[in-house]
Amino acid sequence: MKINVVKSVLDASDAMANVNRRRMDSVGLTCINILSAPGSGKTTLLQKSLPMLPAGVRTAVLVGDLQTTRDAERLEHSAAQVVQINTGNGCHLSPSQIEQGLNALDLAAIDYLFIENVGNMVCPAAFDLGEHRRVVLLSVPEGDDKVAKYPTLFQKADVILLTKIDLAELLEYNFDRVYDDLSRINSAAPVIRLSNRTGEGLNAWLNWLIAQRPAKRP
Amino acid sequence: MHEMSIAEGVLSAVLDAADGCGARRVDRVELIVGQMRLVVPEALVMAWQVISEGTIAAGAELAVTETPMEAQCRRCGRKFAPRIDNYLCPGCGQADVDILAGDDIILKSVICETDGGDAGESKEDLNADQRSLRENTDDAEKE
């Protein structure tokens, strides 16, 4: 017999993401999901920029990696609360892992919760975790052709950070190529050029961040 | 390889549907996958074979169809069909869209056998393991 179903397979995942979002809304925290390839500077960005936020802004990080607690250790002096989520072989964080992460945090004591997703330009883009905003990093050494190669990651971004720009001259990086590709894929997201090493652009990133509160998804 | 987590969701939806009508075996599952979900159909089929093992859906064929995207421009309201690498609105030339279709994974139908002997379009005389084996062999021969 043939059963016609017409049901979204992602209902469970999306429902869990919505539960997470409502839970974070109820305590008034803003959740930022950070996505990029491995090694583009997600952890360093948080390490450098979170201590620069105005005094009294309370931050927490859920950091996802396949293995190790190294990133959580790197972040322990930058954010008040840090929880490492090891995904084992999982190539992305899932909404249920975020739920467990939320259980491990004192949510009432957080203004900004950052989710540092597993470094990967494909799988994390396909999963809503319940975040309010999505940040995508693209580092100069990865090449100026990656927006065109991984369009969906960039299409879903609310802001795009071009990192390690201090290497741009050395690597003959073509910013115009990046902007040209972005104009076809996502012309709404602001692009911020920054260098964690020199500090250039960190203020622009913080200003963007501060402008996102209070944030509720449309 | 997020296909494994998607396959888990598919299995759960398939078993719900099959249980709902007292099926004893699932023969075929039709799935519609939106392009934006970045699914590799071959990888999804492989994940499905692994994850359905030991359930009444073991060995069931997973037929994956990709659906094109539909978007609506946030600037001028025009609806159009973007490509995965091009979201430019033909009306106003901006790439600022809401995705209306192509960002979902829909279980369309489940073909299953019940104790009443209704076999749908299936090959009744083979049990699931044999059929799975035969399909795998067929695939290997094709390559």
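### Comments concerning the interface of chain A and chain B
Working step 1: Contacts between the two partners involve 29 residues from chain A, matched on the other side by 33 residues from chain B.
Working step 2: Counting residues per element, the ones that place at least two in the side of chain A that touches chain B are strand S1 (2-8), helix H1 (11-26), helix H6 (151-155) and helix H7 (175-185) of chain A.
Working step 3: In terms of residue count, S1(A) provides more of the side of chain A that touches chain B than any other element does, 7 residues in total.
Working step 4: Pairing of S1(A) with strand S6 (residues 105-114) of chain B, which is carried by 5 bridges, proceeds in the antiparallel orientation. Within S6(B), the residue paired with Asn4(A) across the bridge is Ser109(B).

### Description of the sheet that holds strand S4 (residues 79-80) of chain B
Working step 1: Strand order in the open sheet made by the 3 strands is S4-S3-S5 (chain B), with antiparallel pairing throughout. Whereas interior strands pair on both sides, the edge strands pair on one side only; in this sheet they are S4 and strand S5 (97-101) of chain B.

### Observations regarding the environment of Val57(A)
Residue and element names in this part refer to chain A.
Working step 1: Tracing the backbone through its elements, the reader meets Val57 in the loop between helix H2 (42-49) and strand S3 (59-65).
Working step 2: Judged by local crowding, Val57 falls into the partly exposed class, with 16 C-beta atoms found within 10 Å.
Working step 3: In sequence terms Val57 and Tyr112 are 55 residues apart; their C-alpha atoms lie 7.8 Å from each other.
Working step 4: When residues no more than four places from it in sequence are discounted, the contact partners of Val57 are Asp111 and Tyr112.

### Considerations on helix H2 (residues 41-51) of chain B
All names here are of chain B.
Working step 1: Within H2, burial applies to Leu44, Ala47, Trp48 and Ile51. Buried residues along H2 cover an arc of 105 degrees about the axis, so they all sit on one side. Opposite its buried face, H2 presents the exposed residues Glu42 and Val50, each directed more than 90 degrees away.
Working step 2: Considering only its buried residues, H2 is in contact with helix H1 (3-20) and strand S2 (61-67).

### A short note on H1(B)
Working step 1: Given a rise of 1.5 Å per residue, 18 residues ought to cover 26 Å, and the 25 Å separating the end C-alpha atoms of H1(B) matches this to within 8%.
Working step 2: Every buried residue of H1(B) is listed here: Glu3(B), Ser5(B), Ile6(B), Ala7(B), Val10(B), Leu11(B), Ala13(B), Val14(B), Ala17(B) and Ala18(B).
Working step 3: Turning to H1(B), the residues buried within the fold contact S1 of chain A together with strand S1 (23-34), H2 and S6 of chain B.
Working step 4: With its phi angle positive at about 65 degrees, Gly22(B) sits one or two positions after the end of H1(B).

### Quick word on the sheet that holds S1(A)
Working step 1: Here 4 strands make up an open sheet; going across it, the order is S1(A)-S6(B)-S1(B)-S2(B) and the pairing mixed. Among the strands making up the open sheet, the edge pair consists of S1 of chain A together with S2 of chain B. Shown here is a sheet whose adjacent strand axes are inclined to one another by a mean of 20 degrees, direction ignored.
Working step 2: Where S1(B) and S6(B) come together, 9 bridges link them in antiparallel fashion. Looking at S6(B), one finds that Val29(B) is bridged to Val110(B).

### Comments concerning the packing of H1(A) against helix H4 (residues 95-103) of chain A
All names here are of chain A.
Working step 1: One way to put it is that H1 packs onto H4 with a least axis distance of 8 Å and a crossing angle of 25 degrees. Classified by the interaxial angle, the pair formed by H1 and H4 is roughly parallel. The interaxial crossing formed by H1 with H4 has left-handed handedness. Residues Ser13, Met16, Ala17, Asn20 and Arg23 of H1 touch H4, and the partners they reach there are Pro95, Ser96, Ile98, Glu99 and Leu102.
Working step 2: For the contact of H1 with H4, the residue count by class is 5 nonpolar, 3 polar and 2 charged.

### Brief notes about the environment of Ile99(B)
Residues and elements named next belong to chain B.
Working step 1: By the element assignment, Ile99 lies in strand S5.
Working step 2: Its 18 C-beta neighbours within 10 Å are what place Ile99 among the partly exposed residues.
Working step 3: For the pair Ile99 and Glu70, spaced 29 residues apart in the sequence, the C-alpha separation amounts to 6.1 Å.

### A closer look at unusual backbone geometry
Working step 1: In this structure, Val6(A) takes a positive phi of about 50 degrees despite not being glycine.
Working step 2: With respect to the helices and strands, Val6(A) occurs in strand S1.
Working step 3: Phi at Leu38(B) takes a positive value of approximately 55 degrees, unusual for a residue other than glycine.
Working step 4: Along the chain, the position of Leu38(B) falls in the loop between S1 and H2.

Thresholds applied
- Residues numbered from 1 in each chain as written.
- Chains lettered and ligands numbered in written order.
- Predicted model: local features only at pLDDT ≥ 70, side-chain atom pairs only at ≥ 80, totals over all residues.
- Contact = placed C-beta atoms within 7 Å.
- Helix = DSSP H or I, 4+ residues; strand = E, 2+ residues; numbered from the N terminus.
- Pairing = 2+ DSSP bridges.
- Buried ≥ 20, exposed ≤ 12 C-beta atoms within 10 Å, placed from the backbone.
- Arc of directions from axis to C-beta.
- Expected span 1.5 Å × (residues − 1).
- Axes fitted to C-alpha atoms, helices over the stretch in contact; angles between N-to-C directions.
- Parallel < 35°, antiparallel > 145°, perpendicular 65-115°, else oblique.
- Left-handed = near helix turned anticlockwise from the far one by under 90°.
- Nonpolar A, V, L, I, M, F, W, Y, C, P; charged D, E, K, R; others polar.

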